[in-house]
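# Structural characterization, general
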Amino acid sequence: MLTKIHHVGLVVQNLDVAYRFWRDTVGLEVHKEATVPDQGVKAALLPCGETEIELLEPIDPQGGVAKFLAKRGEGLHHLCFEADDVATELSSAKAKGLPMLDESPRRGLAGMIGFLHPKASCGVLVEFAQPPAAAPTPAGIEVGFDHLAIVADDATAATETFRRNFGLSPQVAHAQASPIRMPISRSAIHFYPVSDAPPELAGIRGLAGIGLTLSADDRLQRIRAGAPTPGGGSNTSVGYATKAHGVLLAFRLGDVT
Ligand code: CMX
């Protein structure tokens, strides 16, 4: 079973530079940092509510992450679901005929992991991870993970793919609306059709942005001061108003869980 979004992977040029935004401005803590030679990265996990932000700095110029950075620049790279049994999830994906990158689990920063090919999920690179032990959400966190935004030519077809592949269901009230919201645990994936995506997400296909919940307005002001505001958005509950390290961010003030 897939239980939640374990992390969202972001490619950055340099971890130490990225920490200035994600740790020092947003206020996340670096929970783990390690070099993962077989993935060609130095990587860090920063808890954000019950999810984590994974920063990936390429260390192997021939690796997939280095190629991604060269072609697309810094930005959202993959979505990782937590699995209670990663081997079972990989076998089940294989049995469904999905294109696989890993047919059996291997060790990664987040525990035992395995990847599906992006072709399996509307161009979105998806990982499953089984962490070593169910880690409780750290206390005192002031920033939560609200949602991940995906833009697809046909958002309804994309949600059907995510239903088939990962067992997610659209929230009933959102099934005919835009975005279509597919909840998982305490967060959600929002699917926008290209024809009705917010202007900030125009021209993007696949992973498009993330929404964070902040417990205090002064943190929002700090983030705004620390990163440019492409759309000039001023509303705290709507709009991908800040872009940092290639990632469009939306904010909502509320309780962080
Ligand atoms: N999301 C979606 N598509 C991606 C992608 C990504 N993150 N990275 C590459 N692609 C696409 C490319 O755009 C390209 O598409 P087209 O053929 O339509 O142009 C295609 O995949 C091939 O890209 P490439 O640059 O030639 O790269 P490779 O085929 O060598 O590798 C991939 C791509 C996804 C197979 C490889 O990166 C991979 O095996 N990834 C899984 C492992 C991984 O990403 N590890 C890093 C994170 C580790 C961790 O979380 O611990």
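Because the structure is predicted, anything quoted here is derived from the model rather than measured.

Attention now goes to the site of the ligand. Taken together, 17 residues sit near the ligand, with Q39, E54, K67, K71 and R72 positioned nearest. Here Q39 contributes a side-chain N or O atom positioned 2.6 Å from a nitrogen atom of the ligand. With respect to the ligand, the side chain of H78 contributes an N or O atom lying 3.4 Å from an oxygen atom. Protein coverage of the free-state accessible area of the ligand, which is 980 Å², stands at 69%. Among the cavities detected, the one that contains the ligand is the largest pocket. For the shell around the ligand, the secondary-structure elements that each account for two or more residues are strand 4 (51-58), helix 2 (64-72) and strand 5 (75-83). Broken down by element, the residue count for the shell around the ligand peaks at six residues, all from helix 2. When its residues are assigned to classes, the shell around the ligand shows seven nonpolar, five polar and five charged.

The mixed open sheet is built from eight strands, whose spatial order is 2-3-4-1-5-8-7-6. Edge positions in the sheet fall to strand 2 (32-36) and strand 6 (106-108), since each of these pairs with one other strand and no more. Across the sheet, the mean angle separating the axes of adjacent strands is 35 degrees when strand polarity is ignored. As paired strands, strand 6 and strand 7 (residues 111-116) are joined by three bridges and run antiparallel to one another. Residue R107 lies in a different strand from strand 7, and its bridge partner there is M112. The strands touched by helix 4 (residues 155-166) are strand 1 (2-11), strand 5, strand 7 and strand 8 (126-130); relative to strand 5, the strand with the most contacts, the crossing angle is about 40 degrees.

Attention now goes to unusual backbone geometry. Going from S178 to P179, the amide bond is cis rather than trans, its omega being 0 degrees. Although it is not a glycine, H245 adopts a positive phi angle of roughly 50 degrees. Note on placement: H245 falls in the loop between strand 13 (240-244) and strand 14 (247-253).

Running from N to C, helix 1 (residues 15-25) and helix 5 (residues 217-226) point in directions that differ by 165 degrees, and their axes come no closer than 10 Å. The pairing of helix 1 with helix 5 is recorded here as roughly antiparallel in orientation. By crossing handedness, the relation of helix 1 to helix 5 is classed as right-handed. Along the contact surface, helix 1 presents F21, D24 and T25, while helix 5 presents R219, R222, I223 and G226. A per-class count over the contact of helix 1 with helix 5 returns two nonpolar, two polar and three charged.

To continue, consider the packing of aromatic side chains. Summed over the entire model, instances satisfying the criterion amount to five aromatic pairs. Seen from their ring centres, F128 and F166 are 6.1 Å apart, and the 80 degrees between their planes marks the pair as edge-to-face. Of the two residues, F128 is situated in strand 8 and F166 in helix 4; the sequence distance between them amounts to 38 residues. Take F128: its relative accessible area is 1%, and that puts it in the buried class. Aromatic side chains F162 and F191 sit 5.1 Å apart centroid to centroid with 70 degrees between the ring planes, which places their arrangement in the edge-to-face category. With F162 in helix 4 and F191 in strand 11 (residues 187-193), the pair connects residues that are 29 residues apart, well separated along the chain. For F162, a relative accessible area of 0% gives the class buried. What links up through ring pairs into an aromatic cluster is the set F81, F128, F162, F166 and F191.

Each value, and the rule that gives it
Numbering of residues starts from 1 in each chain and follows the order in which that chain's sequence is written. A pLDDT threshold of at least 70 governs which residues receive local features in this predicted model, and a stricter bar of 80 or more applies before side-chain atom pairs are shown or counted, although totals over entire chains, interfaces and linings include all residues. Only heavy atoms go into the side-chain values, all of them from the structure, while hydrogens and water stay out. Whether a residue is near a molecule or strand depends on its heavy atoms: if one lies within 4 Å, it is near. The definition of a polar contact used here is a pair of N or O atoms within 3.5 Å, where within protein one atom must be able to donate a hydrogen and the other to accept one, and adjacent residues in sequence count solely through side-chain atom pairs. For accessible areas, the Shrake-Rupley method is used with a probe of radius 1.4 Å. Any residue's cover is judged against the shown protein chains and nothing else. In this analysis, the protein atoms alone were mapped onto a 1 Å grid. Cavities are point sets where a 1.4 Å probe fits without being able to get out; pockets are open sets with protein on both sides within 12 Å along at least five of seven lines; lining residues have an atom within 4 Å of a point. By definition, a pocket or cavity contains a molecule when more than half of the molecule's atoms lie within 2 Å of the pocket's grid points. In this text, helices come from DSSP runs of H or I with a minimum length of four residues, and strands from runs of E with a minimum of two, each type numbered from the N-terminal end. Residues were grouped as follows: Ala, Val, Leu, Ile, Met, Phe, Trp, Tyr, Cys and Pro as nonpolar; Asp, Glu, Lys and Arg as charged; and all remaining residues, including Gly, as polar. The rule for pairing is simple: two strands pair if DSSP sees at least two bridges between them. A fitted line through C-alpha atoms serves as each axis, taken over the contacting stretch for helices, and the angle formed by two N-to-C directions is quoted from 0 to 180°. We call two residues in contact whenever any of their non-hydrogen atoms come within 4.5 Å of each other. The scheme is simple: roughly parallel for angles under 35 degrees, roughly antiparallel for over 145, roughly perpendicular for 65 to 115, oblique for anything else. Two helices that cross are described as forming a left-handed crossing if the nearer one is turned anticlockwise from the farther one by less than a right angle, and a right-handed crossing if clockwise. Aromatic pairing here means that ring centres of Phe, Tyr or Trp (its six-membered ring) are within 6.5 Å. Orientation follows from the plane angle: under 30 degrees is stacked, over 60 is edge-to-face, and everything else is tilted. Here the term buried applies to any residue with accessible area under 20% of the maximum for its type, exposed to any over 50%, and partly exposed to those in between, with areas from a 1.4 Å probe on protein chains only.

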